[in-house]
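Descriptive analysis of the structure
Below are the chains, spelled out letter by letter.
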2 protein chains.
Amino acid sequence: MMSWESNVRKVVPYVPGEQPKVNQVIKLNTNENPYPPAPGVQAAMQRYTQRAEELRLYPSPTVENLVHDLAEYYHLSTEQVFVGVGSDDVLATAFLTFFNSEKPIVFPDITYSFYEVWAQLYKIPYVCKPVDENLRLKKEDYVGEYGGVVIANPNAPTAIAERREWMEEIIKANPDCVVIVDEAYVDFGAESCIPLIEKYDNLLVVQTYSKSRSLAGLRVGIGMGNPKLIRFLNDVKFSINSYTINRPTLEYASESLKDEVYFRTCVERICQTREWTKEQLVSLGFTMTDSKTNFVFAKHNTVPAEELFEMLKAKNIYVRHFKAPRVNEYLRISIGTEEEMQTLIETLRAYLKK
Amino acid sequence: MMSWESNVRKVVPYVPGEQPKVNQVIKLNTNENPYPPAPGVQAAMQRYTQRAEELRLYPSPTVENLVHDLAEYYHLSTEQVFVGVGSDDVLATAFLTFFNSEKPIVFPDITYSFYEVWAQLYKIPYVCKPVDENLRLKKEDYVGEYGGVVIANPNAPTAIAERREWMEEIIKANPDCVVIVDEAYVDFGAESCIPLIEKYDNLLVVQTYSKSRSLAGLRVGIGMGNPKLIRFLNDVKFSINSYTINRPTLEYASESLKDEVYFRTCVERICQTREWTKEQLVSLGFTMTDSKTNFVFAKHNTVPAEELFEMLKAKNIYVRHFKAPRVNEYLRISIGTEEEMQTLIETLRAYLKK
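Residues numbered from 1 in each chain as written. Chains lettered and ligands numbered in written order. Predicted model: local features only at pLDDT ≥ 70, side-chain atom pairs only at ≥ 80, totals over all residues. Heavy atoms only, no water.

Here we take up the relation of the copies chain B and chain A. Screw-axis analysis of chain B against chain A gives a translation of 0.0 Å along the axis, an RMSD of 0.0 Å, and a rotation angle of 180°. With respect to symmetry, the two chain copies, as superposed, fit the operation of a two-fold axis. It is Gln46 of chain B whose C-alpha, among those of chain B, lies nearest the rotation axis, at 3.4 Å. Mapped onto chain A, 100% of the interface residues of chain B are again interface residues, and the two copies thus contact each other with one and the same surface. (Least-squares fit on C-alpha atoms with pLDDT ≥ 70 in both. Contact = heavy atoms within 4.5 Å.)

In this section: the interface of chain B and chain A. Taken together, the contact between chain B and chain A spans 89 residues of the former and 89 residues of the latter. For the pairing of chain B and chain A, the buried interface totals around 7,400 Å² over both sides, and the portion due to carbon and sulfur atoms is 57%. Of all residues in chain B, Trp4, Arg56 and Tyr58 of chain B give up the largest surface area on contact with chain A, accounting jointly for 11% of the area buried on that side. At the boundary of chain B with chain A, the tally comes to 2 salt bridges. Where Glu5 of chain A meets Lys228 of chain B, a salt bridge forms, and the shortest distance between an N and an O atom there is 2.7 Å. Taken together, the connections running from chain B to chain A amount to 46 residue pairs in polar contact (both at pLDDT 80 or more). (Buried area = accessible area lost by both parts, 1.4 Å probe. Salt bridge = Lys/Arg side-chain N within 4 Å of Asp/Glu carboxyl O. Polar contact = N/O pair within 3.5 Å; in protein donor to acceptor, adjacent residues only side chain to side chain.)

A few words now on the pattern of salt bridges. Residue and element names in this part refer to chain B. Going through the model one piece at a time under the given rule, you end up with 42 salt bridges over all chains. In this structure, the salt-bridge partner of Glu54 is Arg51, at a minimum N-O distance of 3.1 Å. Here Glu54 falls in the partly exposed class, since its relative accessible area comes to 22%. In this structure Arg51 comes out as partly exposed when scored by relative accessible area, which is 29%. (Buried < 20%, exposed > 50% of the residue type's maximum accessible area, 1.4 Å probe, protein only.)

Attention now goes to the packing of aromatic side chains. Two aromatic rings are characterised by how far apart their centres lie and by the angle between their planes. Within this structure, the stated rule accounts for 38 aromatic pairs over all chains. Taking the centre distance of 4.9 Å and the plane angle of 80° together, the rings of Tyr73 of chain B and Tyr74 of chain B count as edge-to-face. Aromatic pair Phe95 of chain B and Tyr115 of chain B: ring centres 6.2 Å apart, planes at 25°, arrangement stacked. Of the two residues, Phe95 of chain B is situated in helix α3 (residues 86-98) and Tyr115 of chain B in helix α4 (residues 114-121); the sequence distance between them amounts to 20 residues. Put simply, the rings of Tyr14, Phe95, Phe99, Phe107, Tyr112, Phe114, Tyr115, Trp118 and Tyr126 of chain A touch in pairs and so form one group of aromatic residues. A cation over an aromatic ring shows up here: Arg213 of chain A above the ring of Tyr209 of chain A, its NZ or CZ 5.9 Å from the ring centre. The ring of Phe295 of chain A has Arg332 of chain A sitting right over it, with the charged end atom 5.7 Å from the ring centre. (Phe/Tyr/Trp six-rings, centres within 6.5 Å; stacked < 30°, edge-to-face > 60°. Helix = DSSP H or I, 4+ residues; strand = E, 2+ residues; numbered from the N terminus. Lys NZ or Arg CZ within 6 Å of the ring centre and 35° of its normal.)

Glancing now at the sheet that holds strand β4 (residues 126-129) of chain B. Residues and elements named next belong to chain B. Taking strand neighbours across the sheet as the criterion, the 7 strands line up as β2-β8-β7-β6-β5-β3-β4 in an open arrangement whose pairing is mixed. A single partner strand is all that each edge strand has here, and the edge strands are β2 (81-84) and β4. Direction aside, neighbouring strands of the sheet carry axes that sit 20° apart on average. One ladder, built from 4 bridges, connects strand β6 (residues 179-182) with strand β7 (residues 203-208); its direction is parallel. (Pairing = 2+ DSSP bridges. Axes fitted to C-alpha atoms, helices over the stretch in contact; angles between N-to-C directions.)

Moving on: unusual backbone geometry. Residues and elements named next belong to chain A. With an omega of 5°, the peptide bond running from Ala156 to Pro157 counts as cis. Structurally, Pro157 can be placed in the loop between β5 (148-152) and α5 (164-173). A positive phi is found at Ser214, a non-glycine position, where the angle reads about 60°. Among the secondary structure elements, Ser214 is positioned in the loop between β7 (203-208) and β8 (221-225). Note on Ser214: relative accessible area 1%, which makes it buried.

Another aspect to go through is the pairing of β4 of chain B. All names here are of chain B. In terms of strand pairing, strand β3 (residues 105-108) meets β4 through 4 bridges, oriented parallel. Bridge pairing in β4 links Ile105 to Tyr126. Traced from β3 through α4 to β4, the parallel crossover comes out right-handed. (Right-handed = clockwise from strand over helix to strand, strands pointing away.)

Here the focus is the pairing of β8 of chain A. One face of the sheet, then the other: side chains in a regular strand alternate in exactly this way. Residue and element names in this part refer to chain A. In terms of burial, β8 is largely enclosed, as 5 of its 5 residues are buried. Residue alternation in β8 divides its side chains into two sets, Gly221, Gly223 and Gly225 and Ile222 and Met224, and both sets are buried. The pairing of strand β2 (residues 81-84) with β8 spans 4 bridges and is antiparallel. Of the residues in β8, the one forming a bridge with Gly84 is Gly221.

This brings us to the environment of Lys299 of chain B. Residues and elements named next belong to chain B. Positionally, Lys299 belongs in strand β10 (residues 295-300). What makes Lys299 partly exposed here is its relative accessible area of 26%. Placed 30 residues apart in sequence, Lys299 and Glu329 show a C-alpha to C-alpha distance of 6.0 Å. Other than its neighbours up to four places away in sequence, Lys299 contacts Gly285, Phe286, Thr287, Glu329 and Tyr330.

All names here are of chain B. Strands sit in the order β9-β10-β12 across an open sheet of 3 strands; the sheet is antiparallel. Among the strands making up the open sheet, the edge pair consists of β9 (286-288) and β12 (331-334). Strand-to-strand, the axes of this sheet are offset by a mean angle of 40°, without reference to chain direction. Relative to β10, β9 runs antiparallel, the two sharing 3 bridges. Each residue of the ladder has a partner; that of Thr287, found in β10, is Lys299. Along the sheet face, helix α9 (residues 305-314) touches β9, β10 and β12 and points at about 40° away from the line of β12. Set on the sheet, helix α10 (residues 338-353) makes contact with β9, β10 and β12; between it and β12 the angle comes to about 145°.

Turning to empty space enclosed by the protein, a few remarks are in order. By the definition in use, this model includes 5 cavities of 30 Å³ or more. The calculated volume of the largest cavity comes to roughly 270 Å³. Elements represented by at least two residues in the lining of the largest cavity include exactly α3 (86-98) of chain A together with α3 of chain B. Looking at the lining of the largest cavity, the element that brings in the most residues is α3 of chain A, giving 3 residues. Looking at the lining of the largest cavity, its residues break down into 8 nonpolar, 6 polar and 4 charged. Roughly 100 Å³ of internal volume is contained in the second largest cavity. Lining of the second largest cavity is provided by 14 residues; of these, Thr244 and Asn246 of chain A together with Val85, Thr244 and Asn246 of chain B occupy positions nearest its centre. Of the residues that constitute the lining of the second largest cavity, the class distribution is 6 nonpolar, 6 polar and 2 charged. (1 Å grid on protein atoms, 1.4 Å probe; cavity = no way out; pocket = protein on both sides within 12 Å on 5 of 7 lines; lining within 4 Å. Points joined across faces, edges and corners; volume = space filled by probe spheres on them. Nonpolar A, V, L, I, M, F, W, Y, C, P; charged D, E, K, R; others polar.)

All we've got here are geometric facts, nothing functional implied.
Here it is, written out as structure tokens:
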């Protein structure tokens, strides 16, 4: 042990899904979108190339153009919008900003595993409430003496969405702490809490460009809430790093908002493929939750998930398998193209019939 | 006051230099490089445009290709290199990772003002040691019972560099804590501490693409140190955000390393312009430090800095003026193109002669 080590913040980091190097892999393990970003993004890249010399200059610290475009898109004011380096950056900054109570924050035991990592990193007390036998959240668990509430809706990896009215009761019942609603997957069939922002000053809605907008590689996340809450979030952001979103990214992200038809078409196609995949999986002996996301959370009635995970990996089909109790019975399978899902189903069928 | 506000982390954020919207501004206020990035960066942008669809995929979380290229460039192993969203991200993450002692960390009273902001944000105890009457650091101030040491070399905004041997004595005298050497400006004439990394396991050297590499708009910073130290830094980074550097940025940053001739030529040209600017400023009645950076830190013998700052701003020449005692006697003037510096000097001459 080196002598300075006792002062080190020791953590157990979140482990992201594998990024296999092999070509010809079917990658259904990190919930990426199988379709390219809106064609306008490529056009914006082409245009920006002509202005490469601008890269010598810092980006706008307040990213006001992108904030303006997002506010317009979501029917909010610019004071209600925050932008981060992916939704993880928005969420981590929100944990650091809003969760400084002695009381614990609360989130489900089965949810995005980064919540626990951030709580540990920032030394925030927390409690995890078990989901029920159907992997659903119990509403009463999220009402109480808390320092904060964090709910992914739809939840991950369960893929289950709760109604806006259901979420509203939790937000309303916790006026003394900030309620974060992580809507990374909301565009695939759930109801957003954005319309509740005007009504509840303790609500932060977080969304991302990484899933429905096919821009995981760009790193853009969005936080939306009342102006005072967004100001506090920005104060902390400006106390960490003045310039987080690089110059070209600001323009590409704005461009993505302009093509609503392309956006809706991609999302619809993924939802259709998801429903087809679910039917096929049922016919193969799987059960699964009612997914409102771009992935399914499925378990086979007889064959262990880990066995299927390894079998698929050996055939260059990457899905996600988590080790935690209960969750380890399931596979989280991202929705790829129709062709990719057909290959997945055929591979599973061949294996399960032998 | 809203009822959740008592749990908010309240901070006084760092204020970055103004980003004026007006065209035809001479922008000498944020130490940007006046020359474009290496031509290869634009070529890489052009190539990447053809692969826009890849933006649907997450970037590599370990950014191994860029780390490999940086390690090769700096003659280090890949285990000795960390990459962040600008050097501010690297520094903020290092503060959070390494400064968890009850003992205070130490840095000069006149230095990069973000150090104090990070210490306050993360509730790290700290002491600031006054620089001497020549704005120099007193070596003995940085040897003692500290939880960490942070020194910008060259220092900012003083622009003064200390020799590597001088730095080594401080690093050697503090084996029980991490010593961060912030070398944002090192390429403009100072000695880097990188050769000391093999010798001292408590040393973290931080550099940036924002100044000498003309890529402030891209947001890339570098941390270099022994493998164990870099591993701790990565553990914390992976506990905040798995994917921070976006896909195209990784390639553009690698490309920038390949054109050493262009890099050296730009840096040399800026240093020559700096020396010319210094001579001119002396002839106008300014005194200044011996700058080893891409800016000068100058005070006029009779006219207050704030007056000159406002006069220049009215003429669309932006320089930086800080409000802190002692520092407020000076202007921090970034080195622009020869033409920009001629305009600055002519403007000052016209004003000071009237």
